[in-house]
Amino acid sequence: MNTDTKNSPFGGQGATLFDKIWDAHVVSSVENGPTQLYIDRHFCHEVTSPQAFNGLRERGLKVFRPDKTTLTADHNTPTINQEQPVSDPISRNQLDTFARNAAEFNLPLYFPLGHTKNGVVHIIGPENGFTHPGATIVCGDSHTSTHGAFGAIAFGIGTSEVEMVLATQCVLQTRPKTMRITFNGKFGAGVLAKDLALYMISKLTTGGATGYFVEYAGEAIRNLSMEERMTVCNLSIEMGARGGLIAPDQTTFDYVNGREYAPKGEEWDTKLAYWKTLKTDEGATFDKELVYDAADIQPRITYGTNPGMGMGITDSIPTLDEIDEAGRISFQKSLEYMGFHAGEKLEGKAIDYVFLGSCTNGRIEDFRVFTDYVKGKKKADNVIAWLVPGSWMVEKQIREEGLLEILTDAGFALRQPGCSACLAMNDDKVPAGKYAVSTSNRNFEGRQGPGARTILAGPLVAAAAAVTGRITDPR
């Protein structure tokens, strides 16, 4: 269902969750121009920050609020032998530069390779208590929308904006439009949050939410754990949205409470009282509303070269007649790259690699799902599996919960934390022509390595592929 409505931030019968948080952070605004928005938490990694620090250096500026920036090395990091010097010269230079910048600008919240708090930026933020409801959060990374799961306005920024935030703790932004996507009902068997997200992206396409900030609502969303909510919000950008968020509730508060950098004592009580007000008012209107039934979703896979080219695992790739004429050339080009054919079923197709990890599915719940499926089974001989925890904290949980022993018995090995095979920026690259069932977020040409063929899926579908050596319905 698709309903277009007219939204004014100050009109109508009430305010949306987005309106409440945005308006509370406006420092100034230009008529018919951008808003100067105060930023509560800035996350930083080694790839999009060097030029920003150089800009500060050239202008003789300091970091305005050092305690509001959290830094972690993740993109260029190897996932084996992290104790040894990084062999790739480009990666080593990025990591060394990052360390020098953190030291020179006196940034205390720097978690380098090997630090117990090191890991993928959008995983270490929430698990250490840096991510709070009602906050504005930015990072030089498009999947910053992950943090919206806590009822925060979180979005990716460019390198020049990273410099702006370091220097002023503010950023200039045009106010986006608002959209609400409601998922009614409950999931069927074998369906996870990743399947919901891939379903949604296939419905909207990769540009269907461009210019919008999305609020996710409905019974199916409320029933998600915090980690599942992070998976959904993480993928908001893949349908073009500026970001996505979910109203905080008891699930949110229970997750945040007690974490190292979360509020404590009286500050917790004050913050909690405010956080409980963070919900869309009755009668508030959105620029656009979409409604889906969670029961319609089955385990999902992608067949093309963008996340919107997806289908249920038992479905067939669309035929050419089912594709709009304007999109047929790119559709055919995508299938040629993947080695697939229009109208083909992919269930039962042999695969070569399985990747469990990334800021989308590298959390402890993802490893529990994967491990529960492979328990008592064996990894297929034809499959190379990269199991990469999103942080050292996740790695510690895997060991403490006895998951590593089960994985080892099934023929799997655990790697060290990092972005890994999500992107071809480190040693974990899928060879040309090989098929990888991946729990990451992007399946563009060459994303996992030159010529690599990526099939996006959730951790349950990935587990089934790992033990059968084929695309397999986990149900």
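Residues numbered from 1 in each chain as written. Predicted model: local features only at pLDDT ≥ 70, side-chain atom pairs only at ≥ 80, totals over all residues. Heavy atoms only, no water.

As for the environment of Leu172
Thinking step 1. Tracing the sequence through the fold places Leu172 in strand β9 (residues 170-173).
Thinking step 2. On the accessibility criterion, Leu172 (43% relative accessible area) is partly exposed.
Thinking step 3. Sequence spacing of Leu172 and Arg222 is 50 residues, and the spatial spacing of their C-alpha atoms is 32 Å. (Helix = DSSP H or I, 4+ residues; strand = E, 2+ residues; numbered from the N terminus. Buried < 20%, exposed > 50% of the residue type's maximum accessible area, 1.4 Å probe, protein only.)

A closer look at the pairing of strand β3 (residues 35-38)
Thinking step 1. In the sheet, strand β2 (residues 26-29) pairs with β3 via three bridges, with the strands oriented antiparallel. By the bridge assignment, Ser28 is partnered in β3 with Gln36.
Thinking step 2. Direction of pairing for β3 relative to β9: antiparallel, over a ladder of four bridges. When the bridges of β9 are listed, Leu37 appears paired with Val171. (Pairing = 2+ DSSP bridges.)

Some points on the sheet that holds strand β5 (residues 69-72)
Thinking step 1. Strand order in this open sheet of five strands is β6-β5-β4-β7-β8, and the pairing throughout is parallel. The open sheet has two edge strands with one neighbour each: β6 (110-111) and β8 (153-156).
Thinking step 2. In this structure, β5 lies alongside β6, joined through two bridges in parallel fashion. Of the residues in β6, the one forming a bridge with Leu71 is Tyr110.

Here's the deal with the packing of aromatic side chains
Note on aromatic pairs: each is described by the distance of the centres and the angle between the planes.
Thinking step 1. If you walk through the whole model with that rule in mind, you get 16 aromatic pairs.
Thinking step 2. Measuring from centroid to centroid gives 5.2 Å for Phe53 and Phe105, while their planes differ by 40 degrees, and the two rings are tilted. Of this pair, Phe53 sits in helix α2 (residues 50-59) while Phe105 sits in the loop between α3 (89-104) and β6, placing them 52 residues apart in sequence.
Thinking step 3. Accessibility expressed as a relative area gives 10% for Phe105, which makes it buried.
Thinking step 4. Relative to Phe331, the ring of Tyr303 has its centre 6.4 Å away and its plane inclined at 75 degrees; by these criteria the two rings are edge-to-face. With Tyr303 in the loop between β14 (300-302) and β15 (310-312) and Phe331 in helix α11 (residues 328-338), the pair connects residues that are 28 residues apart, well separated along the chain. With respect to class, Tyr303 is no different from Phe331; both count as buried.
Thinking step 5. An aromatic cluster is present here, built from Phe43, Phe111, Phe130 and Tyr261 joined pairwise through their rings. (Phe/Tyr/Trp six-rings, centres within 6.5 Å; stacked < 30°, edge-to-face > 60°.)

Notes on the sheet that holds β3
Adjacent strands of a sheet pair through backbone hydrogen bonds, lying either parallel or antiparallel.
Thinking step 1. Ordered in space as β2-β3-β9, the three strands form an open sheet in which the pairing is antiparallel. Each end of this open sheet is capped by a strand with a single partner; those strands are β2 and β9. The mean angle between the axes of side-by-side strands here comes to 20 degrees, regardless of whether they run parallel or antiparallel.
Thinking step 2. Its contacts with the sheet put helix α1 (residues 17-24) on β2, β3 and β9, and the angle it makes with β2 is roughly 85 degrees. (Axes fitted to C-alpha atoms, helices over the stretch in contact; angles between N-to-C directions. Contact = heavy atoms within 4.5 Å.)

Notes on the pattern of salt bridges
Thinking step 1. Going through the model one piece at a time under the given rule, you end up with 16 salt bridges.
Thinking step 2. With its nearest N and O atoms 2.9 Å apart, the salt bridge here joins Glu104 to Arg57. Separated by 47 residues along the polypeptide, Glu104 in helix α3 and Arg57 in helix α2 bring together distant segments of the chain.
Thinking step 3. Given the relative accessible area of 45%, Glu104 is considered partly exposed.
Thinking step 4. Between Lys333 and Glu445 there is a salt bridge, with its nearest N and O atoms 3.0 Å apart. Highlighted residues: Lys333 in helix α11 and Glu445 in the loop between β18 (435-438) and β19 (453-456), separated in sequence by 112 residues.
Thinking step 5. Taken together, the salt bridges that share partners define one network made up of Asp19, Asp23 and Arg175. (Salt bridge = Lys/Arg side-chain N within 4 Å of Asp/Glu carboxyl O.)

Considering helix α5 (residues 159-168)
Residues lying three or four places apart along an α-helix face the same way, a consequence of the helix completing one turn every 3.6 residues.
Thinking step 1. Listed as buried for α5 are Glu161, Val162, Glu163, Val165, Leu166 and Ala167.
Thinking step 2. Contact partners of the buried residues in α5: β4 (41-44), α2, β5, β7 (136-139) and β9.

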